[in-house]
Amino acid sequence: MIHPVSSSPSLGDILNQWISGKPPNSSAWQKLVTAELTQPERGKAFGITSDNVEEKLQERSRLFLSVYTDVFALPSFAQKIQDDREKFGSIKTNIILSMWRLWLPLAIQLVDYRKQLDRPLIQGILGGQGTGKTTLAVVLKLILAQLGYRTLSLSIDDLYKTYQERQRLREKDPRLIWRGPPGTHDVELGVQVLDELRSHNSSDSILVPRFDKSAWEGAGDRTDFESVQNADIVLFEGWFVGVRPVAATVFAGATPAPIETESDRAFARDMNEQLKAYLPLWERLDRLIVLYPIDYRLSLQWRRQAEAEMIATGKSGMSDSQINEFVKYFWKALHPELLITPLIHNPDWVDLVIEINPDHTPDRVYQP
């Protein structure tokens, strides 16, 4: 779950009191205004200035009061609150602050961009394990519905090749141990679907692929296509959505761990080459958000936490050694330092960066 950076207690108190029936007085309102203007990077990212801050906050306020109960009722938040009653207050405050500081202004911004188009908006979301991309998509879908916009969530996982196709692929290249690296997706299908969604202005249905991760004992397979009508905004998320190939010379010299051997470098170089086939897919994106951990190695810690929580519910999960092998495999395929770090500095390819702290809270929010 995405949480905001820790803020002054007064901001959380103001918002908590507001949903309890006590709207902010002039002093509290001024604190809300000041909070917006004291973070210029974030203000620039969401188009907030000293001239329009009052208008922006009035718009956000109306939306805040209309959606907060539905956000609390989302299964992941409701379950978290129920499971940890001792921390109920802080969990609730974190959700409220997330709404106010990130989810609401981002949803309003997406609507503004959608209005500028005469077709559906394709919003890419790039984020690895634990960065909160799935939570972000779920919350945005709810808020956008309140604003009258129909949202379709699409994952790069939905574009996987079929089980049989991936088995044949693995026979040709035994290094493709797991699904996920570049080359295991049906890019042509993805381009076709995004083209249909981008050009869709009628009530005709579009068939969108879906993927069942539980099929074939966890190997996964494509399942029935979903019939979709009139999507206004498409949230297309995944662990390397929008990632572009870098120069092959990057892999010729010293490389970061765990790319350590010549065979590791060959694998990284080949996966980087495979990214070229995905460029037509990225060209269909109107915008790209990057959820960027302040240290890429946090994904290993987050994966361990996720597996432990799953095992605690009685489900099977991976051991720590299996998790290490799994996560490092994907670092070898597309290393974050080599491929994502350069991306977040390029305004031609990325529109918004949200840095993620070790506790999953966002830090800086900025445009490259």
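See the structure above.
Enquirer: What is the right way to read the pattern of salt bridges from this model?
Expert: Any two side chains of opposite charge can pair, on the condition that their charged atoms come close. Applying the stated criterion to the full structure yields 20 salt bridges. The salt bridge involving R297 is made with D295; its shortest N-O contact spans 3.0 Å. Linking E307 and R303 is a salt bridge whose minimum nitrogen-to-oxygen distance equals 3.0 Å. In this pair, E307 and R303 both sit in helix α12 (residues 298-312), 4 residues apart, roughly one turn of the helix. A single salt-bridge network, built from bridges that share partners, covers E36, R42 and R60.

Enquirer: Could you clarify how one ought to interpret the layout of surface pockets in this entry?
Expert: In this approach a probe as big as a water molecule rolls over the atoms, and the regions it shows empty are the leftover space. Of the pockets and cavities examined, the second largest pocket occupies roughly 190 Å³. Taken together, R175, I177, W178, P258, S263, D264, F267, E325, K328, Y329 and K332 make up the full set of residues lining the second largest pocket. Within the residue set of the lining of the second largest pocket, elements represented by two or more residues are α10 (262-274) and α13 (320-333).

Enquirer: Help me out: how do you make sense of the environment of T49 in this one?
Expert: Mapped onto the secondary structure, T49 falls in the loop between α3 (40-45) and α4 (53-72). The spatial distance from the C-alpha of T49 to the C-alpha of K141 is 27 Å, given a sequence separation of 92 residues.

Enquirer: Sorry, what's going on with α4 here?
Expert: Side chains of residues three or four places apart in an α-helix project in the same direction, reflecting 3.6 residues per turn. With 20 residues, α4 extends 26 Å between its outermost C-alpha atoms, agreeing within 8% with the 28 Å of an ideal straight helix rising 1.5 Å per residue. Considering bend angle alone, the principal kink of α4 is centred on S66 and spans about 40°. Among the residues of α4, those classed as buried are V53, L57, R60, S61, L63, F64, V67, Y68, V71 and F72.

Enquirer: Could you clarify how one ought to interpret the packing of α10 against α13 in this entry?
Expert: In a packed pair of helices, the relevant descriptors are the angle between the two axes and the axis-to-axis distance. In the contact formed by α10 and α13, the axes pass within 7 Å of each other and the chain directions differ by 65°. Contacts from D264, F267, A268 and M271 in α10 reach Y329, K332 and A333 in α13. Residues belonging to the contact of α10 with α13 are distributed by class as follows: 5 nonpolar, no polar and 2 charged.

Enquirer: How should the environment of T151 be read in this particular structure?
Expert: Residue position: T151 is located in strand β2 (residues 151-155). Looking at T151, the relative accessible area reads 11%, which means it is buried.

What counts, and where the lines are drawn
Note on numbering: residues in each chain are counted from 1, in written sequence order. Given that this is a predicted model, residues contribute local features only at a pLDDT of at least 70 and side-chain atom pairs are listed and counted only at 80 or more, while totals for whole chains, interfaces and linings are drawn from all residues. Values shown for side chains rest on all heavy atoms present in the structure; no hydrogens or waters enter the calculation. Any Lys or Arg side-chain nitrogen found within 4 Å of a carboxyl oxygen on Asp or Glu counts as a salt bridge. Numbering goes from the N terminus for both helices and strands, where a helix is a DSSP run of H or I of at least four residues and a strand is a run of E of at least two. Put plainly, a pocket is an open set of points on a 1 Å grid over the protein atoms alone with protein on both sides within 12 Å along at least five of seven lines, a cavity is a set where a 1.4 Å probe fits but cannot get out, and a lining residue has an atom within 4 Å of a point. Grid points are joined across faces, edges and corners, and a volume is the space filled by probe spheres set on the points. Residue count minus one, scaled by 1.5 Å, sets the expected span of a helix. Fitting axes to the seven residues that end at a residue and to the seven that start at it, the angle between those axes gives the bend at that residue. Only protein chains enter the accessibility calculation, which uses a 1.4 Å probe; a residue is then buried when its area is under 20% of its type maximum, exposed when over 50%, and partly exposed in between. The angle between two axes is taken between their N-to-C directions and runs from 0 to 180 degrees, where each axis is a line fitted to C-alpha atoms and a helix contributes only its stretch in contact. A contact between two residues is defined here by any heavy atoms of the two lying within 4.5 Å. Residue polarity is assigned by list, with Asp, Glu, Lys and Arg as charged and Ala, Val, Leu, Ile, Met, Phe, Trp, Tyr, Cys and Pro as nonpolar; anything else, Gly included, falls into the polar class.

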